[in-house]
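# Structural features, examined
The chain contents come next:
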There are 2 protein chains.
Amino acid sequence: MPSAYKGTPEEVLALSTFIKLTRSVNALLGQTNPMLQREFGLTESQLAVLEAVYHLGPLCQGELGQKILRSGSNVTTVVDNLERNGLVRRQRDAHDRRMQIVHLTNQGRTVIAAALPGHVGRITSLISVLSCEEQQELGRICKKLGTARAR
Amino acid sequence: MPSAYKGTPEEVLALSTFIKLTRSVNALLGQTNPMLQREFGLTESQLAVLEAVYHLGPLCQGELGQKILRSGSNVTTVVDNLERNGLVRRQRDAHDRRMQIVHLTNQGRTVIAAALPGHVGRITSLISVLSCEEQQELGRICKKLGTARAR
DNA sequence: CTCATATTGTTCGATATAGAACTGTACAGC
DNA sequence: GCTGTACAGTTCTATATCGAACAATATGAG
């Protein structure tokens, strides 16, 4: 995150924008993640896995990686920890034994159902320093930005 | 990162905005970080430390943590790795022996001077899918968002 | 059917990251 | 000069994260 870089006006604006963008995300996650950890003992990634399976039903690990935008090896680690904590279980697909289907346990369902409303409420509360119009504009710009590719 | 959550319209908008925001940052970092790693063997945090010392001069680790927004224990780790790789050296402050002043080595100065222009150029190139006005609006909104506090 | 290839997940090694407990140093008050 | 408190870093433990190498399984070509 460069800050005192001397470059063209174009670079100065882009860097300034980039820094504000990444800092705002860090600030938001810094408010939501420790809360998740304290109240439910969940990390952001663990929540993401539980939430995906909660809303979409049992998924194999590859699909989970797609949904939460993480590498396969990372999904293995996160699911390992969730399984150790009794929140999910793995089941080999009978038709394709390469696949590990990740299911919620009853305890996992209870935990995610308890954690989600507060988490969503907290995000909503934080984001609502912005007007609806600002949120929509932010969303539009971020979506455009998400398509950027290095030259 | 919830996605299929059923909540109030306010929550739906806030979550949608939040997801677009975090994904855009992930997308940008996913373009810049692997490049840094391949070309210069630097992680994002290592670059941040080198850049801070490059532009601000020798800093103690506490100040570094403030600049790059990381915990003290994390700064210790990152500086450990940079020191092992010969890019920085630690020097105890003579007047307050609690402090570790982090200096660039010649090699570190060479590396950061070589890495920065391309890195900045890459960020600029990515961000420039947005017009100047969009960048300014994004910066303004993110700055506002960065001040949000949980109720 | 057999073999080459592709796919899925795991393992390994490295780095990042945070909080808690700890060590060493400084400093203020007595 | 002691002593208690504050502060700077380190260590420890746990989790996340990636890429590369690997194992197991599936599948298509012949």
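A short tour of the structure in this document, coming up. (Residues numbered from 1 in each chain as written. Chains lettered and ligands numbered in written order. Predicted model: local features only at pLDDT ≥ 70, side-chain atom pairs only at ≥ 80, totals over all residues. Heavy atoms only, no water.)

### Topic: the protein's contact with DNA strand D
Here is the rule we go by: Put simply, a residue is near a molecule or strand once any heavy atom of it comes within 4 Å of that molecule or strand. Polar contact is the term for a pair of N or O atoms within 3.5 Å; when the atoms are in protein, one must be able to donate a hydrogen and the other to accept it, and sequence-neighboring residues count only if both atoms are side-chain atoms. Secondary structure elements follow DSSP: runs of H or I of four or more residues count as helices, runs of E of two or more count as strands, with numbering from the N terminus. Under this grouping Gly is polar, as are all residues other than the nonpolar Ala, Val, Leu, Ile, Met, Phe, Trp, Tyr, Cys and Pro and the charged Asp, Glu, Lys and Arg.
Near DNA strand D, the surroundings consist of 25 residues, among which Thr43(A), Ser45(A), Asn81(A), Gln61(B) and Gly62(B) are the closest. Backbone atoms, meaning sugar and phosphate, form 73% of the atoms of DNA strand D found within 4 Å of the protein. Between a phosphate oxygen of DNA strand D and a side-chain N or O atom of Asn81(A), the distance comes to 2.7 Å. Taking Gln100(B), its side chain carries an N or O atom lying 3.2 Å from a phosphate oxygen of DNA strand D. Residue assignment for the surface near DNA strand D shows that the elements contributing at least two residues are α2 (44–56) and α4 (72–84) of chain A together with α3 (61–68) and α4 (72–84) of chain B. Tallying contributions element by element places α4(A) first for the surface near DNA strand D, with six residues. Along the lines of polarity and charge, the residues of the surface near DNA strand D split into three nonpolar, 15 polar and seven charged.

### Some points on helix α1 (residues 9–40) of chain B
Note the threshold: In a helix, the anticipated span is given by 1.5 Å times the number of residues less one. To obtain the bend at a residue, axes are fitted to the seven residues ending there and to the seven starting there, and the angle between these axes is taken.
Spanning 32 residues, α1(B) covers 46 Å between terminal C-alpha atoms, matching the ideal 46 Å at 1.5 Å per step. If you look at α1(B), its biggest bend is around 25°, right at Gly30(B), and the proline Pro34(B) turns up within four residues after that.

### Points about the protein's contact with DNA strand C
Around DNA strand C, 25 residues are found, and the nearest of them are Gln61(A), Gly62(A), Thr76(A), Thr43(B) and Ser45(B). Within 4 Å of the protein, the contacting atoms of DNA strand C are drawn from sugar and phosphate to the extent of 69%. The contact in question runs from a phosphate oxygen of DNA strand C to an N or O atom on the side chain of Gln46(B), over 3.3 Å. For DNA strand C, a phosphate oxygen lies 2.8 Å from a polar atom in the backbone of Ser71(B). Mapped onto the surface near DNA strand C, the elements with two or more residues apiece are α3 (61–68) and α4 of chain A together with α2 (44–56) and α4 of chain B. Here the element with the most residues in the surface near DNA strand C is α4(B); it accounts for six residues. Looking at the surface near DNA strand C residue by residue, the class counts come to three nonpolar, 15 polar and seven charged.

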